[in-house]
Amino acid sequence: MGEAYQITDQSEIYFVTIQVVAWVDVFTRQGNKDVVIESLQYCQENKGLLIYAFVIMSNHIHMIVRSERNDLSGTIRDFKKHVSKELKKNIFDNKKESRRDWMQVVFEYHAKHNKRVGAFQLFTHHNHAVLLDSSEAFESRESYIHENPVRAGIVRNAEDYLYSSAGVYYGESVLLEIYGHGDNDRKV
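Criteria and thresholds
Residues numbered from 1 in each chain as written. Predicted model: local features only at pLDDT ≥ 70, side-chain atom pairs only at ≥ 80, totals over all residues. Heavy atoms only, no water. Helix = DSSP H or I, 4+ residues; strand = E, 2+ residues; numbered from the N terminus. Rg over C-alpha atoms; globule rule 2.2 N^0.38 Å. Buried < 20%, exposed > 50% of the residue type's maximum accessible area, 1.4 Å probe, protein only. Axes fitted to C-alpha atoms, helices over the stretch in contact; angles between N-to-C directions. Parallel < 35°, antiparallel > 145°, perpendicular 65-115°, else oblique. Left-handed = near helix turned anticlockwise from the far one by under 90°. Contact = heavy atoms within 4.5 Å. 1 Å grid on protein atoms, 1.4 Å probe; cavity = no way out; pocket = protein on both sides within 12 Å on 5 of 7 lines; lining within 4 Å. Points joined across faces, edges and corners; volume = space filled by probe spheres on them. Expected span 1.5 Å × (residues − 1). Core = buried A, V, L, I, M, F, W, Y, C linked by side-chain atoms within 4.5 Å. Phe/Tyr/Trp six-rings, centres within 6.5 Å; stacked < 30°, edge-to-face > 60°. Lys NZ or Arg CZ within 6 Å of the ring centre and 35° of its normal. Pairing = 2+ DSSP bridges.

1. Topic: the overall build of the protein
On a plain count of helices and strands, the protein comes out with four helices and four strands. Each helix (α) and strand (β) of the protein, taken in turn from the N terminus, gives the series β-α-β-β-α-α-β-α. At 16 Å, the protein has a C-alpha radius of gyration in line with the 16 Å of a compact globule built from 188 residues. In terms of overall dimensions, the protein has C-alpha extents of about 45 × 35 × 30 Å along its principal axes. For the protein, the proportion of its 188 residues judged to be buried stands at 47%.

Put into structure tokens, the structure is as follows:
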């Protein structure tokens, strides 16, 4: 992959899409979405990840993020590695997961065709990162993120989707601290 869609400046704000291989709907289970939330909270508290907006869809995650430590690529890499490890346990240790055998075949197939992973690959390696270098670009991607569950037919109103930052604009509590709201301010 060329420079397009890569994080080239570790200190800037990026719109990032993290995709599950083969678009497998892993995040239809609440416990799997909660792993993502807990992992993002850890990255906020321990790795300097600033989250401006996010949404967890059934098979991908969109975020607008920046690293206070100028290591956005490293933080995303570590986040994906940890989530993969935890979801592997959730999926394969859960006897109630009806799609377990099918998912195992898919994730092992993708791992087999990739030298950088072991026997299991949950996420694609690219992060589809887009530098947000203007207020217009930021606002456009932020709107895209928040309207994603509406376009997918999951909710009628963006703020009604729990696994998104859209509620913050309506004075509702959200699952993650959102940078740019409250005492901190947005810098684009």
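Having seen the structure, we can now continue with the description.
2. Here we look at the packing of helix H1 (residues 30–47) against helix H2 (residues 72–92)
Remark: H1 packs on H2, axes separated minimally by 10 Å, with the N-to-C direction vectors making an angle of 150 degrees. Between H1 and H2, the interaxial angle falls into the category roughly antiparallel. As for the relative orientation of H1 and H2, their crossing is right-handed in sense. Residue-level inspection shows Gly31, Asn32, Val35, Val36, Ser39, Leu40, Cys43 and Lys47 of H1 in contact with H2, the latter providing Thr75, Asp78, Phe79, His82, Val83, Glu86, Leu87, Asn90 and Ile91.

3. Re empty space enclosed by the protein
Here the structure, examined in full by the defined rule, presents one cavity of 30 Å³ or more. In this structure, the largest cavity occupies an estimated 40 Å³ of space. Leu40, Cys43, Leu49, Met63, Val65, Thr75, Ile76 and Phe79 are the residues that line the largest cavity. Counting residues per element, the lining of the largest cavity draws most heavily on H2, at three residues.

4. Regarding helix H3 (residues 100–112)
An ideal rise of 1.5 Å per residue puts 18 Å on 13 residues; H3 measures up with 18 Å between its terminal C-alpha atoms. The inward-facing, buried residues of H3 contact H2.

5. What about the nonpolar core?
When a protein is soluble and globular, its nonpolar side chains tend to lie buried together. Membership of the largest hydrophobic core comes to 53 residues, with the highest contact counts inside it found for Val26, Phe27, Ile64, Phe107 and Leu122. Sort the elements by how many residues they give to this core and strand S2 (residues 49–56) lands first, with eight residues. Apart from residues no more than four positions distant in its own chain, phenylalanine 27 is found in contact with Val20, Asn32, Lys33, Val36, Ile56, Met57, Ser58, Asn59, His60, Ile61, Leu87 and Phe123.

6. Considering the packing of aromatic side chains
Counted by the stated rule, this structure contains five aromatic pairs. Aromatic side chains phenylalanine 92 and phenylalanine 120 sit 5.7 Å apart centroid to centroid with 85 degrees between the ring planes, which places their arrangement in the edge-to-face category. Placement of the pair is phenylalanine 92 in helix H2 and phenylalanine 120 in the loop between H3 and strand S4 (129–131), with a sequence separation of 28 residues. Taken individually, phenylalanine 92 and phenylalanine 120 each receive the classification buried, so the pair is uniform in this respect. Measuring from centroid to centroid gives 5.2 Å for phenylalanine 107 and phenylalanine 120, while their planes differ by 70 degrees, and the two rings are edge-to-face. Taken together, the residues span a long stretch of sequence, with phenylalanine 107 in helix H3 and phenylalanine 120 in the loop between H3 and S4 at a distance of 13 residues. Aromatic ring contacts, followed pair by pair, group Tyr52, Phe138 and Tyr179 into a single cluster. The ring of phenylalanine 15 carries arginine 141 above its face, with NZ or CZ at 4.7 Å from the centroid.

7. A short note on the pairing of strand S1 (residues 14–19)
Along a regular strand, successive side chains alternate from one face of the sheet to the other. Extensive coverage of S1 is indicated by the burial of six of its six residues. In S1, alternate side chains face the same way, and those of Tyr14, Val16 and Ile18 on one face and Phe15, Thr17 and Gln19 on the other are all buried. With six bridges connecting them, S1 and strand S3 (residues 60–67) associate as antiparallel partners. Bridged to threonine 17 within S3 is histidine 62. Bridging between S1 and S4 involves three bridges; their strand directions are antiparallel. Pairing of tyrosine 14 across the sheet is with leucine 131, part of S4.

8. A few points about the environment of threonine 8
Within the fold, threonine 8 resides in the segment before S1. Residue threonine 8 is classed as exposed on the basis of its relative accessible area of 52%. Sequence separation between threonine 8 and leucine 131 is 123 residues; the distance between their C-alpha atoms is 8.5 Å.

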